[in-house]
Amino acid sequence: MGTVRRERTDAARNRAKILAAAEGIVAARGVEGLSMAEVAAAAGVGVGTLYRRFGDRSGLAYALIDAREREFQAAFIEGPPPLGPGAEPVARARAFLGALTDRTAEQLDLLLMAETAAPLARFGGAYDAYHAHLALLIGQARPEADAFCLADALLAPLAAPLLAHRLGTGGVTVARVKAALDRLLAGFVIEG
């Protein structure tokens, strides 16, 4: 049996101080104001500690995103319907896409930084969880459909760079994105 590795008390305390300092900087000056040196100074730790713990700004961004991400995943895995279990697959998929749109818009600047850190930074981790969940729901609604590729098609508009671009230009709103995703979902599961 594997052992669970626990974070040292001082390391946990430093992590909490670092994340609180980073959240404060982001709240005051936005993501653009987030520098490793300023976060380290505000947290009272060395810059080396920050780099060892988080790697770089995108790693720090992911850490800031993490708590909200855990809440979101708990909601669609075990929360109340329609987002959680107990609703029909199409209703769950619709609720999931709507909640994911809100969740992405809520932390858009942090997600934008994190998702653009490397060419494939968006994929893995949370994306894989979203994809698996959505593919499962599409497969339940339409067993003959290519749920794997359809899940990617439904998640694509929620890439942080694209969503930031669209919300910043041309009158696109979060409500409009949700309506378009509802229509796409309906086309996949009803008309297809």
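In what follows, the structure referred to is the one given above.
Attention here is on the structure that accompanies the text. This one's a predicted model, so the numbers in the text were calculated from it and none came from an experiment. (Residues numbered from 1 in each chain as written. Predicted model: local features only at pLDDT ≥ 70, side-chain atom pairs only at ≥ 80, totals over all residues. Heavy atoms only, no water.)

1. Observations regarding the overall build of the protein chain
(1) Moving on: Along its length, the protein chain carries 10 helices and 0 strands.
(2) Moving on: When the helices and strands of the protein chain are listed from N to C terminus, the series reads α-α-α-α-α-α-α-α-α-α.
(3) Moving on: For the C-alpha atoms alone, the extent of the protein chain along its principal axes is close to 60 × 55 × 30 Å.
(4) Moving on: Counting over 192 residues, the protein chain shows a buried share of 38%.
(5) Moving on: Pairs at least 24 residues apart make up 64% of the contacts formed inside the protein chain by residues separated by at least 6 positions.
(6) Moving on: On the protein chain, roughly 10300 Å² of surface is accessible, and the fraction owed to carbon and sulfur atoms is 58%.
(7) Moving on: Computed over 21 positive and 21 negative side-chain charges, the separation of the two mean positions in the protein chain equals 5 Å. (Helix = DSSP H or I, 4+ residues; strand = E, 2+ residues; numbered from the N terminus. Buried < 20%, exposed > 50% of the residue type's maximum accessible area, 1.4 Å probe, protein only. Contact = heavy atoms within 4.5 Å. Areas by Shrake-Rupley, 256 points an atom, 1.4 Å probe, with all protein chains shown as cover. Lys, Arg positive; Asp, Glu negative; His and termini not counted. Charge placed at Lys NZ, Arg CZ, Asp CG, Glu CD.)

2. With respect to helix α2 (residues 36–43)
(1) Moving on: Turning to α2, its buried residues number three or more, namely Met-36, Val-39, Ala-40 and Ala-43. The buried residues of α2 all sit within an arc of 100 degrees when viewed along its axis, so they share a single face. Every exposed residue of α2 that faces more than 90 degrees away from the buried side is listed here: Ala-41 and Ala-42.
(2) Moving on: At the exit of α2 stands Gly-44, carrying a positive phi of roughly 75 degrees. (Arc of directions from axis to C-beta.)

3. Concerning the pattern of salt bridges
(1) Moving on: A full pass over the atoms with the stated rule returns 8 salt bridges.
(2) Moving on: In this structure, the salt-bridge partner of Glu-69 is Arg-103, at a minimum N-O distance of 2.9 Å. With Glu-69 in helix α4 (residues 57–78) and Arg-103 in helix α5 (residues 89–106), this pair connects stretches of sequence that are 34 residues apart.
(3) Moving on: With a relative accessible area of 9%, Glu-69 lands in the buried category.
(4) Moving on: A residue is classified by how much of its surface remains accessible, and Arg-103, at 1% relative accessible area, is buried.
(5) Moving on: Salt-bridge contacts for Arg-94 lead to Asp-182; the nearest nitrogen and oxygen are separated by 3.4 Å. Of this pair, Arg-94 sits in helix α5 while Asp-182 sits in helix α10 (residues 174–191); the two residues are 88 residues apart in sequence, bridging distant segments of the chain. (Salt bridge = Lys/Arg side-chain N within 4 Å of Asp/Glu carboxyl O.)

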